[in-house]
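The primary structure of each chain is shown beneath.
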Amino acid sequence: MDKPLLKALAGEAVRPAPFWLMRQAGRYLPEYRRLRATAGNFLDLCFSPPLAAEITLQPVRRFGMDAAILFSDILTVPHALGQEVRFVEGKGPVLGPLDLAALQPVGGRLDPVYETVGLVRASLPAETALIGFAGAPWTVAAYMVEGGSSRDWPEVRRLALGEPGRFAELIDLLVEITVDHLAAQADAGAEALQLFDSWAGLLPPAGIRRWCLEPARRIAAALCERHPAVPLILFPRGVGALAAEFAGIGDCVGLDTAADPAWAAAAVQGEAAVQGNLDPMLLVVGGAAMERAAREILSALRHGPHVFNLGHGVLPITPPEHVAALGRIVREAP
Ligand code: CP3
């Protein structure tokens, strides 16, 4: 366990801080766009192990991050439960009608994902860790109920707050399949796991505790039984000070763009490693503004375990040179 990322996730203040970027593989990279153009629809790409493995490795080869994150998507899980999932060019994900009673795991649908994990593990540099991931139940449920992305997410919020008994059935099912999906990635060679709760911030505090924190606790407990040595990173985006409550559950808490790293040093770092949290737009802007902001984050979190990352995913308009420059800033930080 001498990989820098794994040391930091185990609570060590590793310097330079290990770094990787959410959505580090994707449309900002010309080599991704070239491969993407040959593949047809996006889910087919996620389920083609040699192509998905190649895309996983592209950013690591170019920029030398401390971790590769499996190339896949959080919406492979509703697909594996039998709900139709398509990605429409220029629009994003579109899901078929949700029939709660009909949802059940379709055997083998996620096997290509685990095959990809094995392929990547076999060709990663020795010091680079492989992160597997899943969407958190609330965020995946949001896409399943809404049928795609939404500005206000009215249907899922109404269901969660207005019919909690019925909504709990969906969340419970997602907790179960998420545990299986993450454990299978660890079985196949993933060395750390991240749970993306990108839409946690849509809920009021009691809703965050019930639909984000409690499911995360159950997932963490089940994974701890099956894979006690595999650390779990939680990314509850938009929850403000409630992020500190996630520190008691995961090995690491990912901060979103709005979180103050100085606050997190005091409120989170004593209990868990902290990951984050440069504004992805500063990576687009680059130059002195990016450098100043990155150094402030590194400095605020320097006394405890820190994994440098963005506060959300890399934007498609990001110049790749800025990612290279950010890597140098993190590596050369005082
Ligand atoms: O981080 C990585 O590099 C690993 C791969 C990864 C993707 N999606 C690839 C992807 C990961 C970890 C995700 C997670 C994901 N997917 C989340 C949680 C993180 C976040 O960004 O909040 C969410 C909400 C999704 C759902 C999703 N997938 C949406 C809404 C979209 C469409 C919007 C968009 O950015 O295109 C996707 C598509 C998607 N997932 C792409 C990639 C590279 C772009 C697809 C394409 O090439 O056309």
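Whatever comes next refers back to the structure up there.
A.B. asks: How should I be thinking about the sheet that holds strand S7 (residues 252-254) in this particular structure?
C.D. replies: Paired through backbone hydrogen bonds, the strands of a sheet run either parallel or antiparallel to each other. Pairing in this open sheet of seven strands is parallel, and the strands run S1-S4-S5-S6-S7-S8-S9 from one edge to the other. At either margin of the open sheet sits one strand with a lone partner, and together these are strand S1 (67-69) and strand S9 (306-310). Neighbour-to-neighbour, the strand axes of this sheet turn through a mean angle of 25 degrees, independent of strand direction. Bridge count between S7 and strand S8 (residues 273-278): three bridges; the pairing is parallel. Across the sheet, Gly-254 pairs through a bridge with Gln-275, a residue of S8. Across the sheet, helix H10 (residues 205-226) lies against strand S5 (192-197) and strand S6 (232-236), angled at about 165 degrees from S5, the strand it touches most.

A.B. asks: Even after reading the chapter, I still don't get the nonpolar core, so can you show me in this structure?
C.D. replies: Grouped burial of nonpolar side chains is what soluble globular proteins tend to show. Judged by nonpolar contacts, the single largest core of 129 residues is most densely connected at Leu-5, Phe-167 and Leu-326. With 13 residues, helix H9 (residues 164-188) is the single largest residue contributor to this core. Those residues in contact with Phe-167, other than ones at most four positions away along the chain, are Trp-138, Ala-141, Val-156, Leu-159, Ala-160 and Trp-211.

A.B. asks: I tried to follow the site of the ligand on my own but got confused; where do I start?
C.D. replies: Close to the ligand lie 22 residues; Arg-23, Arg-27, Tyr-32, Asp-73 and Ser-198 are nearest. Within the backbone of Gln-24, a nitrogen or oxygen atom sits 3.2 Å from an oxygen atom of the ligand. Contacts to the ligand include Asp-73, whose side-chain N or O atom sits 2.7 Å from a nitrogen atom. Protein chains shield 89% of the accessible area of the ligand, which is 870 Å² for the free molecule. Assessed atom by atom at 2 Å from the grid points, the ligand resides in the largest pocket. A class-by-class count of the residues in the shell around the ligand yields 13 nonpolar, five polar and four charged.

A.B. asks: What should I look at first to understand the pairing of strand S2 (residues 85-88) in this one?
C.D. replies: Working note: regular strand, side chains alternate between the two faces of the sheet. Two elements, S2 and strand S3 (residues 92-95), share four bridges in a ladder whose sense is antiparallel. Looking at the pairing, Arg-86 lines up with Val-94 of S3. Remark: three residues form the turn of the hairpin made by S2 and S3, two consecutive strands paired antiparallel; Gly-90 in that turn has positive phi of roughly 80 degrees.

A.B. asks: Where do I start with the pattern of salt bridges in this structure?
C.D. replies: Pairing between side chains of opposite charge can happen when their charged atoms approach one another. Within this structure, the stated rule accounts for 15 salt bridges. The closest approach of N and O atoms between Glu-31 and Arg-62, which form a salt bridge, is 2.8 Å. You can see Glu-31 sitting in helix H2 (residues 30-37) and its partner Arg-62 sitting in helix H4 (residues 49-63), a full 31 residues away along the chain. Relative accessible area serves as the criterion here: at 16%, Glu-31 is assigned to the buried category.

A.B. asks: Explanation requested: H9 in the structure shown.
C.D. replies: An α-helical turn contains 3.6 residues, so any two residues separated by three or four positions project in the same direction. Compared with the 36 Å implied by 1.5 Å per residue over 25 residues, the 35 Å span of H9 between its first and last C-alpha is a close match. Of the residues flanking the end of H9, it is Gly-189, one or two places downstream, whose phi is positive at about 130 degrees.

A.B. asks: Could you clarify how one ought to interpret the packing of helix H6 (residues 111-123) against H9 in this entry?
C.D. replies: When two helices pack together, you describe them by how their axes are tilted relative to each other and by the distance separating the axes. In the contact formed by H6 and H9, the axes pass within 8 Å of each other and the chain directions differ by 30 degrees. Here the hand of the crossing between H6 and H9 comes out right-handed. From H6, Val-113, Tyr-114, Val-117 and Gly-118 reach across to H9, where they touch His-181, Ala-184, Gln-185 and Ala-188. Its residues placed into classes, the contact of H6 with H9 shows five nonpolar, three polar and no charged.

A.B. asks: Any chance you could explain the packing of aromatic side chains here in plain terms?
C.D. replies: Each aromatic ring pair is summarised here by two numbers: the centre-to-centre distance and the angle between the ring planes. Counted according to the given criterion, the structure contains nine aromatic pairs. Between the aromatic rings of Phe-133 and Phe-196, the centroid separation amounts to 5.5 Å while the plane-to-plane angle is 90 degrees, which identifies the pairing as edge-to-face. Of this pair, Phe-133 sits in strand S4 (residues 129-135) while Phe-196 sits in strand S5; the two residues are 63 residues apart in sequence, bridging distant segments of the chain. For Phe-196, a relative accessible area of 13% puts it in the buried group. Between Trp-138 and Phe-167, the ring centres sit 5.8 Å apart and the planes meet at 80 degrees, which makes this aromatic pair edge-to-face. A residue pair is termed long-range when its members are at least 10 positions apart, and Trp-138 in helix H7 (residues 137-146) and Phe-167 in helix H9 qualify at 29 residues. No difference in accessibility class separates Trp-138 from Phe-167, as the two residues are buried.

Rules behind the numbers
Residues numbered from 1 in each chain as written. Predicted model: local features only at pLDDT ≥ 70, side-chain atom pairs only at ≥ 80, totals over all residues. Heavy atoms only, no water. Pairing = 2+ DSSP bridges. Helix = DSSP H or I, 4+ residues; strand = E, 2+ residues; numbered from the N terminus. Axes fitted to C-alpha atoms, helices over the stretch in contact; angles between N-to-C directions. Contact = heavy atoms within 4.5 Å. Core = buried A, V, L, I, M, F, W, Y, C linked by side-chain atoms within 4.5 Å. Buried < 20%, exposed > 50% of the residue type's maximum accessible area, 1.4 Å probe, protein only. Near = heavy atom within 4 Å. Polar contact = N/O pair within 3.5 Å; in protein donor to acceptor, adjacent residues only side chain to side chain. Areas by Shrake-Rupley, 256 points an atom, 1.4 Å probe, with all protein chains shown as cover. 1 Å grid on protein atoms, 1.4 Å probe; cavity = no way out; pocket = protein on both sides within 12 Å on 5 of 7 lines; lining within 4 Å. Sits in = over half its atoms within 2 Å of the grid points. Nonpolar A, V, L, I, M, F, W, Y, C, P; charged D, E, K, R; others polar. Salt bridge = Lys/Arg side-chain N within 4 Å of Asp/Glu carboxyl O. Expected span 1.5 Å × (residues − 1). Left-handed = near helix turned anticlockwise from the far one by under 90°. Phe/Tyr/Trp six-rings, centres within 6.5 Å; stacked < 30°, edge-to-face > 60°.

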